[in-house]
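Overview (structure and organization)
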Amino acid sequence: MDKPDASSMLVKLSNATLPALPESILKPGYDRAALSAGIVHIGVGNFHRAHQAWYLHRLMQVGQAYDWAILGAGVRSYDAGMREKLIAQDCLTTLLELSPDEATAEVVGSMIDYLPVEAGNGALIAALAEPAIRIVSMTVTEGGYYQDPATGAFDPTGEMIVHDAAHPSTPQTAFGAIVAALRVRREQGIGPFTVLSCDNLKGNGDIARQTVVGLAGLSDPELATWIDNRVAFPNSMVDTIVPATGPGELALARSFGIDDAAPVTHENFRQWVIEDSFCAGRPNWDEVGATFTKNVHAYEAMKLRILNAGHQMLANAGELLNLSTIDMCMSHPLVGGLVERVQAEEVFQHVQGVPEMTPADYLQLVTRRFANPAIKDTTRRVAFDGSSRHPGFILPIVHDALASDAPVEGLALTQALWARMCAGVREDGSTIEPNDPNWDALKAVALQARDQPDRWVGQSHIYGEILANERFAHAFSRWLSELWSNGTEATLGRYLAAS
């Protein structure tokens, strides 16, 4: 990949230094002082800054959406570190787009402030209650919606949910802050805002509604009814591959002459498909590449079942073989072959195409993206939180396959690879460090499953009714036993060689 020559003097990123940036770097062409907030985004990670913030920035570049700027927000202690970095550079972000043969840089300016991260979330609630805020968007991870992993229903038993129900004015969760702010808006006669989930969940808007309404109902049933009737929760599908930021990404930003404490690298592909259901207006994101449609579910199912499920297949096998990045996993003939065969033989039949793309076409696009050598997306990052991602991405396919008496051999192998990975030791004897909020419990069951495979699929909170299916359980048991006896490469080889 070609890289620019390092500048003789770094420019520390800020509003004041934008004119001093090299001419090759795209930068805001609008007056940031003229922007006003219309969106609060909760969970300002790399993905949000490379995706939703970029779409809004591009709309501002053509003279629109000046009253839709973003206020960043967070509810976790680690969000304070990101806030400190971004506030120090006027909430500007350098996006570094990585195609297979070149890197380009663009500074995004659509975020204008980052709210204080504090106990009780008072500043967040106050901001959300402001009439100017018409959209509250969020990226809080797939496991952050307080769902029962087996049924998908709202789980009111979590410690922080119990706290928020008992102390609704000083909540600990993002959803508690949303409920508290909506209570204020209702009491003051202010209209509601739209809640826009940007997480990788099937029906993410429906799930956000379930969580917000469910939490409100624990303390104020009348408010819960008002929210259910008045607040919009559009479903959406979001897509771009965004690695974590480390020393290499910081160095790449410096090679462009930019001193950015939190740059973001991303692939040269983005997609955003949104249900056009907003209760207080919206930016014209479709004018800069987003798609508004009534059929979000077909797009999201294709993405979740092919890209996100494929990511888990690659990452679990890759961890066992000590393949450190996703492009290495994809280029490995056995690991890449696993994904392509499972998708073609066991996933495509449970995926509906969209007008411009078939499942097979989409898989070709996805495998090219996975193989991009410039995107050093770590296997560890993709494998994180399997206890949320497998139930969200792969197990719904298993449910559909079992219900229609379709093949499940490859799908069972993907679960055996996950179970083998959770034992915490790679094929070469090196340790897989904890990589799931439930790692200790998963590891304990994975080690028991070495000799008793049914212990793994017997986790009812993950597998639900799947555990009672003998066809799936038998296939899983056989693959897990083979992984322990013969190793990952031999097992993958046998699967790929089978007729």
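Refer to the structure printed above.
A brief report on the enclosed structure follows.

Rules used throughout
- Residues numbered from 1 in each chain as written.
- Predicted model: local features only at pLDDT ≥ 70, side-chain atom pairs only at ≥ 80, totals over all residues.
- Heavy atoms only, no water.
- Helix = DSSP H or I, 4+ residues; strand = E, 2+ residues; numbered from the N terminus.
- Rg over C-alpha atoms; globule rule 2.2 N^0.38 Å.
- Buried < 20%, exposed > 50% of the residue type's maximum accessible area, 1.4 Å probe, protein only.
- Contact = heavy atoms within 4.5 Å.
- Areas by Shrake-Rupley, 256 points an atom, 1.4 Å probe, with all protein chains shown as cover.
- Lys, Arg positive; Asp, Glu negative; His and termini not counted.
- Charge placed at Lys NZ, Arg CZ, Asp CG, Glu CD.
- Core = buried A, V, L, I, M, F, W, Y, C linked by side-chain atoms within 4.5 Å.
- Salt bridge = Lys/Arg side-chain N within 4 Å of Asp/Glu carboxyl O.
- Pairing = 2+ DSSP bridges.
- Axes fitted to C-alpha atoms, helices over the stretch in contact; angles between N-to-C directions.
- Parallel < 35°, antiparallel > 145°, perpendicular 65-115°, else oblique.
- Left-handed = near helix turned anticlockwise from the far one by under 90°.
- Nonpolar A, V, L, I, M, F, W, Y, C, P; charged D, E, K, R; others polar.
- Phe/Tyr/Trp six-rings, centres within 6.5 Å; stacked < 30°, edge-to-face > 60°.
- Arc of directions from axis to C-beta.

Helix and strand counts for the protein chain stand at 21 helices and 13 strands. Against the 2.2 N^0.38 benchmark of 23 Å for 499 residues, the protein chain shows a C-alpha radius of gyration of 23 Å, consistent with a compact globule. Put simply, the protein chain has 499 residues, and 58% of those count as buried. Across the protein chain, contacts joining residues at least 24 apart in sequence account for 78% of those joining residues at least 6 apart. Within the structure as shown, the protein chain displays about 19,300 Å² of accessible surface, and the carbon and sulfur contribution to it stands at 50%. Mean positive and mean negative side-chain charge positions of the protein chain (37 and 59 charges, respectively) differ by 1 Å.

Right, let's get into the nonpolar core. Core analysis: the biggest nonpolar cluster contains 93 residues, and Ile306, Trp456, Phe472 and Phe476 have the highest contact counts within it. No other element matches the 13 residues that helix α10 (residues 296-320) contributes to this core. Leave out the neighbours within four places in its chain, and Phe476 touches Ala412, Gln415, Ala416, Ala419, Pro453, Trp456 and Val457.

What follows is about the pattern of salt bridges. Scanning the model with the defined rule gives 17 salt bridges in all. Between Asp276 and Arg282 there is a salt bridge whose closest N-O contact spans 2.8 Å. Accessibility expressed as a relative area gives 45% for Asp276, which makes it partly exposed. Overall, the relative accessible area of 22% leaves Arg282 in the partly exposed class. Close ionic contact of Glu409 with Arg478 constitutes a salt bridge, the shortest N to O distance being 2.7 Å. Residue Glu409 is located in helix α16 (residues 409-422), and its partner Arg478 is located in helix α20 (residues 470-486); the two are separated by 69 residues in the primary sequence. Among the residues examined, Glu409 registers a relative accessible area of 30% and is labelled partly exposed.

Turning to the pairing of strand β3 (residues 69-73), a few remarks are in order. The element β3 is extensively covered by neighbouring structure, given that 5 of its 5 residues are classed as buried. Of the pairings in the sheet, the one linking strand β2 (residues 37-42) to β3 comprises 5 bridges and is parallel in character. Bridging across to β3, Val40 finds its partner in Leu71. Relative to strand β6 (residues 111-114), β3 is paired through 3 bridges, and the arrangement is parallel. Counted as the bridge partner of Ile70 is Met111 from β6.

Let us look at the sheet that holds β3. The strands making up a sheet associate through backbone hydrogen bonding, with each pair oriented either parallel or antiparallel. The strand order across the open sheet built from 5 strands is β6-β3-β2-β7-β8, with neighbouring strands paired in parallel fashion. Each edge of the sheet is formed by a strand with only one pairing partner; in this case those strands are β6 and β8 (194-197). In this sheet, neighbouring strand axes are inclined to one another by 25 degrees on average, regardless of whether the strands run parallel or antiparallel.

When two helices pack together, their arrangement is given by the angle between the helix axes and the distance between those axes. For the pair α10 and α16, interaxial distance at closest approach is 9 Å and the crossing angle is 45 degrees. Taken as axis vectors, α10 and α16 run oblique relative to one another. As for the relative orientation of α10 and α16, their crossing is left-handed in sense. For the pair formed by α10 and α16, the contact residues are Met313, Asn316, Ala317, Glu319 and Leu320 on the first element and Thr414, Leu417, Trp418, Arg420 and Met421 on the second. Across the contact of α10 with α16, the residue classes break down as 6 nonpolar, 2 polar and 2 charged.

Contact pair α20 / helix α21 (residues 488-497): the axes reach a minimum separation of 7 Å and the direction vectors enclose 135 degrees. Overall, the two elements α20 and α21 adopt an arrangement that is oblique. In contact with Arg478, Trp479, Glu482, Leu483 and Asn486 of α20, α21 contributes Thr488, Ala490, Thr491, Arg494 and Tyr495. In terms of residue class, the contact of α20 with α21 is made up of 4 nonpolar, 3 polar and 3 charged.

A few words on the packing of aromatic side chains. The tally for this structure, following the rule as stated, stands at 10 aromatic pairs. Their ring planes at 55 degrees and their centres at 6.4 Å tell us that Phe278 and Trp285 sit as a pair that is tilted. Among the residues examined, Phe278 registers a relative accessible area of 17% and is labelled buried. Its relative accessible area of 2% is what places Trp285 among the buried residues.

If you trace the 3 strands from one edge of the open sheet to the other, you get β5-β4-β11, paired in mixed fashion. Where the open sheet ends on each side, the last strands, each with one partner, are β5 (103-108) and β11 (264-267). The average undirected angle you get between the axes of adjacent strands in this sheet is 30 degrees. Across the sheet, helix α9 (residues 247-255) is in contact with β4 (93-98) and β11; its angle to β4 comes to roughly 100 degrees.

What follows covers helix α8 (residues 221-230). Taken together, the buried positions of α8 are Leu223, Ala224, Trp226 and Ile227. In a view along the axis of α8, the buried residues occupy a sector of 160 degrees, so they form one face of it. Along α8, exposed side chains directed more than 90 degrees from the buried face belong to Pro221, Glu222 and Asn229. The inward-facing, buried residues of α8 contact α6 (174-187) and α7 (204-219).

Everything listed here is a matter of geometry and, on its own, says nothing about what the molecule does.
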